[in-house]
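Fold and contact review
The primary structure of each chain is shown beneath.
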Amino acid sequence: MALQFSSVDSMDPADTDHDATCLRTVRNEANAVLSRLSAKMATIDDGGRLVTLRDELNSLLSGLSESESSVENEELTPVGMGSLGKEILVRVLDFLSWNEILVGRVVCTTWRDTARHARPEVYIGGYTGIELVSRLTSLRSVLPMTQELEVYCTGIGEISSIRPVVGFKHLRSLGLTEVGLSGFHPYLFQMPTLEVLKTASNEHFEWDLEALSGLPLLKRLYCYGNQRLTCSLRRLSSICGTLTHVDLEGCVQVTGTLADIGDLCHTLVQLDLERCEQVTGTLNDLRGFKSLEAVSLEGSGVEADISKAGPGDFCAIKDVDVIMLQALTRRLDSTSNHFVLSSVTHLDLSEFEDEFDVDLGLVSFFPNLQELRCECQSSVKGSVRSLRVLRPNLVELSLICCSEVTGALSDLRDFPKLKKVDLKGTKVTPDMQNIGPNDFPSLSDPMSDICVLRLVSDVPAFMRFLFEKKLHDFHSTRSIAFNSPDSCHPNLRDLPGGDGRKDLSRSPFKLQFVKVGPRVGWRWTTGWENYYFETNWLDPQPLPSDDGYSEYCQEVESKTKENLGPFRGLQDPPATDEEYKELAAAFIRYPRAFARSVRRRIE
């Protein structure tokens, strides 16, 4: 909806009675409460506290009557935007976009003068070189207090100059994305108030890190894919007192070692040198950076070595990259100078794409980890028992289709904060016999695919566990994979296709919770024509004398008996491994003969 601006200092006369109307409403409600209170006092012997409440209500009513009379007799003074002081009006304009401010400044002289003091965030782009310079020059005169300027000019060719940006004397953040700059532009480094400089995909923009000495307040430097950026990292020392973020991803001509930025050890929070091939050193060079929260060195010449790190080093690291993970893997078996990354709370191993083997014992370096995730990574190995070092803090565990992960579900049973567990496609066994009703005290995500069931006989205990933890969902089915957790649907992985097809998205059986009246149960179901087996009830059957028993009987018939088809009288599919695999193969080959095959093997 377009903004409408007005400088008329007036108020709708219909609004002047609003306060008096509100007071009359409150008075009437207070009188009603007082009447009910008096009636209540007449029915009890000791009404001391009620007497006090009655007196307070009477006092309130007296005050309301006086206020109502005062409001009705008061001559209301209209208030409009023009009545606000310049400072307040500037704060109002700061909430608007720069385009809206340009519209508002034409309302009147006051608004035009006030707009010059607004501090908007300006995003401008899509112009040719001459048009862009003209637009920036115009904005510099009407919005001179602009503090954040983003310029993007995708696909319009080269631009010889954007010198007007220097005219924004109060600029704190400047972003240049695909502006087509080529050659040197030293004026861009003559802005003493600039705190953030971003330049992305300006391949022909030539400059060196030494130019940053003209930006004494610079805190954040983001430079992506600037292939003409040259010089050594040592030049960053010229602004070591303020620099907190350095991102030089893809700046392939930058040289030096990590030791060259040692002067930034007290201020640097984020360092990204991905694909800076000429930058060398080891992670040991960063161990004294007490404020460093994130480091990304993939594709650089930096070695994955933290052999010299000790207690207290890397204490602020929150994000772990592939180089850090490799270094930790190499050090996993070391017993000297043990240290931990106590600030890491979230770790996603999916980002590393099977680049090297990762042992789950690696989590010993992250004692405060709250979320551990990984998906479809065969390089992640080890037992979930090694995760017990995370017992006090782990909230979410998701290791989907990590086929080399082993262990038992009971290894996680006493984790006090664990809310979600997803271990489908792993080799973790559902040893339900070792899990009691008080285990997994915080498990609460109904969509958790807790683990891969090994046998059909494991299902009853598993479904009761979900029911007792209130993790049952009546609106969806659970796909169950048996016997071989080597893929997302392992029970179909090695089966003969019959007619040459192999549909891995289909599973012969699924599990489904059922609710009928007050009663909950579960049943096996098939994806073919929605047939299902008899229901396994988890609650006792209502008594004939219970209210709603007849309705319950009707609902049982409609919800659990109508689609039994060939499975009538059957509660479970075949329990042996060989029969199950034969049925799965039959399901793929000839779905319409599948049900007959099930019944024949069970009977």
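Residues numbered from 1 in each chain as written. Predicted model: local features only at pLDDT ≥ 70, side-chain atom pairs only at ≥ 80, totals over all residues. Heavy atoms only, no water.

A short note on the overall build of the protein chain
The test is simple: A run of DSSP states H or I qualifies as a helix once it reaches four residues; a run of E qualifies as a strand once it reaches two. Both are numbered from the N-terminal end. When accessible area is computed with a 1.4 Å probe and restricted to protein chains, residues below 20% of their type maximum are described as buried, those above 50% as exposed, and intermediate ones as partly exposed. Any two residues whose heavy atoms approach within 4.5 Å are treated as being in contact. A 1.4 Å probe and the Shrake-Rupley method give the accessible areas. Residues count as covered only by the protein chains that appear here.
For the protein chain, the count of helices and strands is 11 helices and 25 strands. Sorting the 603 residues of the protein chain into buried and exposed places 43% on the buried side. Long-range pairs, those at least 24 residues apart, make up 62% of the contacts in the protein chain between residues at least 6 apart in sequence. When the accessible surface of the protein chain is split by element, carbon and sulfur atoms take 48% of a total near 29,600 Å².

Observations regarding the environment of Pro216
Mapped onto the elements of the fold, Pro216 is located in the loop between β6 (205-208) and β7 (220-224). Taking the relative accessible area as the measure of exposure, Pro216 reaches 44% and is therefore partly exposed. Each C-alpha atom of the pair Pro216 and Thr242 lies 7.8 Å from the other, and the pair is 26 residues apart in sequence. Once residues lying within four places of it in the same chain are set aside, the contact partners of Pro216 are Pro192 and Thr242.

A short note on the sheet that holds strand β18 (residues 380-383)
Hydrogen bonding along the main chain pairs the strands of a sheet, whether they run parallel or antiparallel. Under the convention used in this document: At least two bridges found by DSSP between two strands is the condition for calling them paired.
The 3 strands are arranged β16-β18-β20 in an open sheet whose pairing can be described as parallel. The open sheet has two edge strands, β16 (358-359) and β20 (405-406), and neither has a second partner. Across 2 bridges, the pairing between β18 and β20 is parallel. The residue of β20 that forms the bridge with Gly382 is Val405.

Observations concerning the pattern of salt bridges
Defined as follows: Every case where a carboxyl oxygen of Asp or Glu lies within 4 Å of a side-chain nitrogen of Lys or Arg is listed as a salt bridge.
Applying the stated rule across the entire model yields 16 salt bridges. Of the charged contacts, one joins Arg112 and Asp113 as a salt bridge, the two residues approaching to 3.7 Å between their closest N and O atoms. Exposure remark for Asp113: the relative accessible area of 33% places this residue in the partly exposed category. Glu555 serves as the salt-bridge partner of Lys559, at 2.9 Å between the closest nitrogen and oxygen. Remark: Glu555 and Lys559 occur in helix α9 (residues 549-560); sequence separation between them is 4 residues, near one turn of the helix. Under the relative-accessibility criterion, Glu555 is labelled partly exposed at 25%. A network of salt bridges, in which partner residues are shared, links Glu371, Arg373 and Glu396.

So, the side chain of Glu396
Basically, it comes down to this: Distance and chemistry together define a polar contact, namely a pair of N or O atoms within 3.5 Å, with one atom able to donate a hydrogen and the other to accept it when in protein, and with adjacent residues in sequence counting only for side-chain atoms on both sides.
Here Glu396 lies in strand β19 (residues 396-400). Only 3.2 Å separates the side chain of Glu396 from the side chain of Arg373, close enough to count as a polar contact.

Here we look at the sheet that holds strand β10 (residues 256-257)
Spatially, β10-β12-β14 is the arrangement adopted by the 3 strands of the open sheet, whose pairing is parallel. Strands with a single pairing partner mark the edges of an open sheet, and in this sheet they are β10 and β14 (301-303). Both β10 and strand β12 (residues 279-282) contribute to a ladder of 2 bridges, which runs parallel. Bridging across to β12, Thr257 finds its partner in Thr280.

A few points about the confidence of the model for the protein chain
Our working definition: Residue-level confidence of the predictor is summarised by pLDDT, bounded by 0 at the bottom and 100 at the top.
Confidence in the prediction of the protein chain, expressed as mean pLDDT, is 76, and 70% of residues score 70 or more. Segment residues 1-16: pLDDT under 50, and 24 contacts once partners within four positions in sequence are set aside and those in other chains are kept. Low pLDDT (under 50) marks residues 481-506, which in the prediction has 67 contacts with non-local residues, meaning those over four places away or in another chain.

Brief notes about the packing of aromatic side chains
How two aromatic rings sit relative to each other is set out by the distance from centre to centre and by the angle between their planes. The condition is simple: Aromatic rings from Phe, Tyr and Trp, with only the six-membered ring used for Trp, were paired whenever their centres fell within 6.5 Å, and each pair was classed as stacked if the ring planes differed by under 30 degrees, edge-to-face if by over 60, and tilted otherwise.
Applying the stated criterion across every chain yields a total of 8 aromatic pairs. For the ring pair Phe314 and Phe339, a centre distance of 6.3 Å and an interplane angle of 40° mean the geometry is tilted. Taken together, the positions of Phe314 in the loop between β14 and α7 (322-331) and Phe339 in the loop between α7 and β15 (346-348) put the pair 25 residues apart, joining distant regions of the chain. According to the relative accessible area criterion, Phe314 is buried, its value standing at 2%. Judged by relative accessible area, Phe339 falls into the buried class, the value being 2%. Measuring from centroid to centroid gives 6.3 Å for Trp522 and Trp524, while their planes differ by 70°, and the two rings are edge-to-face.

What to know about helix α3 (residues 86-93)
What counts is decided by this rule: When we speak of the arc, we mean the arc of directions from the helix axis to the C-beta atoms.
Looking at α3, one finds that the buried residues are Leu89, Val90 and Leu93. Axial view of α3: buried residues confined to an arc of 105°, hence all on one face. α3 presents Glu87 and Arg91 as exposed residues on the side facing more than 90 degrees away from its buried surface. In this structure, the buried residues of α3 make contact with α4 (98-104) and α5 (109-115).

Some words on helix α8 (residues 459-468)
Of the residues making up α8, those classed as buried are Val459, Phe462, Met463, Phe465, Leu466 and Phe467. Immediately downstream of α8, the backbone of Lys470 shows phi near 60°, a positive value.

Focus: the pairing of β7
In this structure, strand β5 (residues 196-200) lies alongside β7, joined through 5 bridges in parallel fashion. When the sheet's bridge partners are listed, Lys198 is paired in β7 with Tyr222. Sheet topology note: the β7/strand β9 (residues 245-247) ladder contains 3 bridges and is parallel. Each residue of the ladder has a partner; that of Arg220, found in β9, is His245.

Digging into the nonpolar core
Buried together is how nonpolar side chains tend to be arranged in soluble globular proteins. Put simply, the rule reads: By nonpolar core is meant a set of buried Ala, Val, Leu, Ile, Met, Phe, Trp, Tyr and Cys residues that side-chain atoms within 4.5 Å join together.
In terms of nonpolar packing, the biggest core is built from 136 residues, with Leu212 and Leu248 touching the most fellow members. Setting aside chain neighbours within four positions, we find Leu212 in contact with Phe189, Leu197, Trp207, Leu218, Leu221, Leu236 and Ile239.

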